[in-house]
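Given next are the chains, with one letter for each unit.
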Amino acid sequence: VGEAKECFAANDVRVATAVRGPWLDARQDMAKLQKQVEGIEKKAKAVTERSQRAFDWLVESTVGHASVAMRKDIKAKGKSIEALYVELAGGSDGLIAEPSFNNYLHSLPGIRFTAEQMQLLFQKGSAGGLSRRVFSGMVERYF
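A quick note: this is a predicted structure, and the numbers were derived from the prediction, not measured.

### Here we look at the overall build of the protein chain
- A tally of helices and strands in the protein chain yields six helices and zero strands.
- In sequence order, the secondary structure elements of the protein chain are arranged as α-α-α-α-α-α.
- Here the C-alpha radius of gyration of the protein chain, 26 Å, is well above what a compact globule of 143 residues would show, namely 15 Å.
- When the backbone C-alpha atoms are referred to their principal axes, the protein chain occupies close to 85 × 30 × 20 Å.
- When the 143 residues of the protein chain are sorted by exposure, 28% land in the buried category.
- Put simply, 64% of the contacts in the protein chain that link residues at least 6 apart link residues at least 24 apart.
- Element-wise, carbon and sulfur atoms account for 56% of the exposed surface of the protein chain, whose accessible area totals about 9600 Å².
- When the 21 positive and 17 negative side-chain charges of the protein chain are each reduced to one mean point, those points stand 6 Å apart.

Set out below in structure tokens:
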């Protein structure tokens, strides 16, 4: 779409003043094509927005399932969220690394996430891992 718009802009000067002949035909053809490109752009934008909403729903759903499973595990083991965080982070000052988080989630009974879902869950964190705040928010999400 962007390439088509650039092409129209580059050639608009040539056909703008045409009143007859092949340049007029070209101007009319370009006007029709511009309308088609605008229609395609609107459709692409709508598809992108629907895709983003579906992606957001998928993230929320996955986080919700993980949150429920983590809370059940915390309750069953009689741990606090803080204690689980320290255990997964390997200390009170660190971040939870992706492998540690993934291993923990895979250890939970009755829940299985795909590799893509695991990436969705972990994207909530920063580059180095899940912070205490992000992890707590994830666990307490629907509490």
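### Things to note about helix α6 (residues 132–140)
- Within the sequence span of α6, burial applies to Phe135, Ser136, Met138 and Val139. Each buried residue of α6 lies within a common arc of 160° when the element is viewed along its axis, so the set occupies one face.
- Elements in contact with the buried residues of α6: α2 (22–77), α3 (81–89), α4 (98–107) and α5 (115–122).

### Some details on α3
- Listed as buried for α3 are Ile81, Leu84, Tyr85, Leu88 and Ala89. Angularly, the buried residues of α3 cover 120° about the axis, an arc narrow enough to put them on a single face.

### Overview of the side chain of aspartate 73
- Within the secondary structure layout, aspartate 73 lies in helix α2.
- Residues contacting aspartate 73, with those up to four places away along its chain left out, are Tyr104 and Leu108.

### Structural notes on the nonpolar core
- Judged by nonpolar contacts, the single largest core of 26 residues is most densely connected at Met70, Ile96, Phe101, Leu105, Leu121 and Phe135.
- Within the residue set of this core, elements represented by two or more residues are α2, α3, α4, α5 and α6.
- With six residues, the single largest contributor to this core is α2.
- The contacts of isoleucine 96, once residues within four sequence positions are left out, are Tyr85, Leu88, Ala89, Phe101, Phe122, Gly128, Gly129, Leu130 and Phe135.

### Quick word on the packing of aromatic side chains
- Applying the stated criterion across every chain, the model contains two aromatic pairs.
- Aromatic pair tyrosine 85 and phenylalanine 135: ring centres 5.9 Å apart, planes at 50°, arrangement tilted. With tyrosine 85 in helix α3 and phenylalanine 135 in helix α6, the pair connects residues that are 50 residues apart, well separated along the chain. In terms of burial, tyrosine 85 and phenylalanine 135 fall into one category: buried.

### Description of the pattern of salt bridges
- Evaluation of the coordinates by the stated rule reveals four salt bridges.
- The residue lysine 5 makes a salt bridge to glutamate 41 at a minimum N-O spacing of 2.8 Å. Here the residue lysine 5 occupies a position in helix α1 (residues 2–15), and glutamate 41 occupies one in helix α2, the gap between them amounting to 36 residues.
- For lysine 5, a relative accessible area of 39% gives the class partly exposed.
- The exposure class of glutamate 41 is partly exposed, given its relative accessible area of 32%.
- When the shortest N-O distance is used, the salt bridge between glutamate 87 and lysine 79 registers 2.0 Å.

Criteria and thresholds
- Residues numbered from 1 in each chain as written.
- Predicted model: local features only at pLDDT ≥ 70, side-chain atom pairs only at ≥ 80, totals over all residues.
- Heavy atoms only, no water.
- Helix = DSSP H or I, 4+ residues; strand = E, 2+ residues; numbered from the N terminus.
- Rg over C-alpha atoms; globule rule 2.2 N^0.38 Å.
- Buried < 20%, exposed > 50% of the residue type's maximum accessible area, 1.4 Å probe, protein only.
- Contact = heavy atoms within 4.5 Å.
- Areas by Shrake-Rupley, 256 points an atom, 1.4 Å probe, with all protein chains shown as cover.
- Lys, Arg positive; Asp, Glu negative; His and termini not counted.
- Charge placed at Lys NZ, Arg CZ, Asp CG, Glu CD.
- Arc of directions from axis to C-beta.
- Core = buried A, V, L, I, M, F, W, Y, C linked by side-chain atoms within 4.5 Å.
- Phe/Tyr/Trp six-rings, centres within 6.5 Å; stacked < 30°, edge-to-face > 60°.
- Salt bridge = Lys/Arg side-chain N within 4 Å of Asp/Glu carboxyl O.

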